[in-house]
Amino acid sequence: MKRRTASTSLLHTLRAALLRIAEPERARAMQTYMKSTMPYHGVAAAGVRAVCKDVFTSYPFESAESWRADVLTLWSTADFREERYAAIALSGHRGARPFQNLDALPMYEEMVVSGAWWDYVDAIASHRIGGLLKAFPREMRRTLLHWSHEPDPWKRRSAILAQLGFRERTDLTLLFACIEPSLGAEDFFLRKAIGWALRQAAREHPRDIVRYVKDHEPLLSPLSKREALKNVKR
């Protein structure tokens, strides 16, 4: 009960800070752009970052368990989209670095599945799941290969996008394996993810990506191919 009270207090503090800088006249346009059923306060990304920096300065980071509980409470009780962005920010705060281990994976999985939209999922996949993959490559490789076959398209997208920032460290074998179950998928967000992941990998591995696209051309959607080769000189 004490932890629940602390989590609720944290949400109220965040909400009050967001309301102080909210621009309600922008909220409807933001909601429409994101095609969101959850409303916005009307706070731009920079404003959300500033609020989180201020509010989380005094957050205690007492234990991994209490941190995960607070992140999930913020996430599940949020009434506005910026409050969920704040939950994602808390999950990646520098004070939580000691807690970024495999015990955090179920939390991120819950956020991916329940968030089920690209703004949430992409941040979690590339920054949180990707971080776990760097720290625990053997275990996370198994997880991502499993996710890539899941019916949930957002877990598939997460598996594909987890290495977005890896550059020369990109495991192409893993990337291609995570893409393979979604080749030919009609889902726009999977097609976009495939192209985006291949485009990022092409920065360091252009020949491999060109070869991959050529070998899989009948299965890749026009969107995926166009995105994959966007920055490749041929």
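Scroll up to find the structure.
Structure report, in brief. Quick caveat, the model's predicted, so the values are computed rather than measured.

**Side note on the overall build of the protein chain**
Helix and strand counts for the protein chain stand at 13 helices and zero strands. Over its C-alpha trace the protein chain gives a radius of gyration of 19 Å, about what one expects of a compact globule, namely 17 Å for 234 residues. Taking the principal axes of its C-alpha atoms as reference, the protein chain extends roughly 55 × 40 × 30 Å. For the protein chain, with 234 residues in total, the buried portion stands at 50%. In the protein chain, 71% of the contacts between residues at least 6 apart in sequence involve partners at least 24 apart. Roughly 12000 Å² of accessible area belongs to the protein chain as shown, and the carbon and sulfur atoms make up 53% of that amount. For the protein chain, the separation between the mean place of its 37 positive charges and that of its 27 negative charges on side chains is 5 Å.

**Let's talk about the packing of helix α3 (residues 45–56) against helix α5 (residues 81–91)**
Where α3 meets α5, the closest approach of the two axes is 10 Å, and the angle between their N-to-C directions is 55 degrees. The orientation of α3 relative to α5 falls into the category oblique. In this structure, α3 meets α5 at a crossing whose hand is right-handed. Taking contact as the criterion, the partners of Val48, Cys52 and Phe56 in α3 are, on α5, Glu82, Tyr85, Ala86, Ala89 and Leu90. Of the residues in the contact of α3 with α5, the class split is seven nonpolar, no polar and one charged.

**Topic: the nonpolar core**
Ranked by size, the top nonpolar core spans 48 residues in total, and within it Trp67, Leu90, Tyr108, Ile129 and Leu144 carry the most contacts. Top element by residues in this core is helix α7 (residues 118–135). It accounts for six residues. Contacts of Trp67, omitting those with residues within four sequence positions, involve Tyr59, Phe61, Leu90, Ser91, Ala96, Phe99, Gln100, Ala104, Met107 and Tyr108. Judged by nonpolar contacts, the second largest core, of 23 residues, contains Leu161, Ile194, Ile209 and Tyr212.

**Focus on α3**
Turn by turn, an α-helix covers 3.6 residues, leaving residues three or four places apart pointing in a common direction. Helix length check: α3 (12 residues) gives 16 Å between terminal C-alpha atoms against 16 Å at 1.5 Å per residue, within 8%. Those residues of α3 not exposed but buried are Gly47, Val48, Val51, Cys52, Val55 and Phe56. Relative to the axis of α3, the buried residues are bounded by an arc of 145 degrees and lie together on one face. Facing away from the buried side of α3 by more than 90 degrees, the exposed set consists of Arg49, Lys53 and Asp54.

**Some words on the pattern of salt bridges**
Inspection of every chain in the model, using the stated rule, returns 15 salt bridges. Glu227 serves as the salt-bridge partner of Arg199, at 2.2 Å between the closest nitrogen and oxygen. Within this pair, whereas Arg199 is found in helix α11 (residues 188–202), its partner Glu227 is found in helix α13 (residues 222–228), the two being separated by 28 residues in sequence. Exposure class is identical for Arg199 and Glu227. Each is buried. One continuous salt-bridge network, built from bridges that share partners, spans Lys192, Arg199, Glu227 and Lys230.

**A few points about the environment of Ser158**
In this structure, Ser158 sits in helix α9 (residues 153–161). For the pair Ser158 and Val213, spaced 55 residues apart in the sequence, the C-alpha separation amounts to 21 Å. Leaving out residues up to four positions away in the same chain, Ser158 has contacts with Val112, Val121, Ala125 and Trp147.

**Quick notes on α11**
With 15 residues, α11 extends 21 Å between its outermost C-alpha atoms, agreeing within 8% with the 21 Å of an ideal straight helix rising 1.5 Å per residue. Of the residues making up α11, those classed as buried are Phe189, Leu190, Ala193, Ile194, Gly195, Ala197, Leu198, Arg199, Gln200, Ala201 and Ala202. Buried residues along α11 sit against α7, α9, α10 (172–179), α12 (206–215) and α13. In this structure Asp187 caps α11, since a side-chain oxygen of it lies 2.8 Å from the backbone nitrogen of Phe189.

**Considering unusual backbone geometry**
Residue Lys35 is not a glycine yet carries a positive backbone phi of 55 degrees. Checked against the element boundaries, Lys35 lands in the loop between α2 (24–34) and α3. With a phi angle near 50 degrees, Ala116 is a residue other than glycine that sits in the positive phi range. If you trace the backbone, Ala116 turns up in the loop between α6 (105–115) and α7.

**Things to note about the side chain of Ser148**
Looking at the secondary structure, you find Ser148 in the loop between α8 (137–147) and α9. A polar atom in the side chain of Ser148 sits 3.3 Å from the side chain of His149. Look past the residues within four positions of Ser148 in its chain and what remains in contact with it is Arg156, Ala159, Ala177, Cys178 and Pro181.

Criteria and thresholds
- Residues numbered from 1 in each chain as written.
- Predicted model: local features only at pLDDT ≥ 70, side-chain atom pairs only at ≥ 80, totals over all residues.
- Heavy atoms only, no water.
- Helix = DSSP H or I, 4+ residues; strand = E, 2+ residues; numbered from the N terminus.
- Rg over C-alpha atoms; globule rule 2.2 N^0.38 Å.
- Buried < 20%, exposed > 50% of the residue type's maximum accessible area, 1.4 Å probe, protein only.
- Contact = heavy atoms within 4.5 Å.
- Areas by Shrake-Rupley, 256 points an atom, 1.4 Å probe, with all protein chains shown as cover.
- Lys, Arg positive; Asp, Glu negative; His and termini not counted.
- Charge placed at Lys NZ, Arg CZ, Asp CG, Glu CD.
- Axes fitted to C-alpha atoms, helices over the stretch in contact; angles between N-to-C directions.
- Parallel < 35°, antiparallel > 145°, perpendicular 65-115°, else oblique.
- Left-handed = near helix turned anticlockwise from the far one by under 90°.
- Nonpolar A, V, L, I, M, F, W, Y, C, P; charged D, E, K, R; others polar.
- Core = buried A, V, L, I, M, F, W, Y, C linked by side-chain atoms within 4.5 Å.
- Expected span 1.5 Å × (residues − 1).
- Arc of directions from axis to C-beta.
- Salt bridge = Lys/Arg side-chain N within 4 Å of Asp/Glu carboxyl O.
- Polar contact = N/O pair within 3.5 Å; in protein donor to acceptor, adjacent residues only side chain to side chain.

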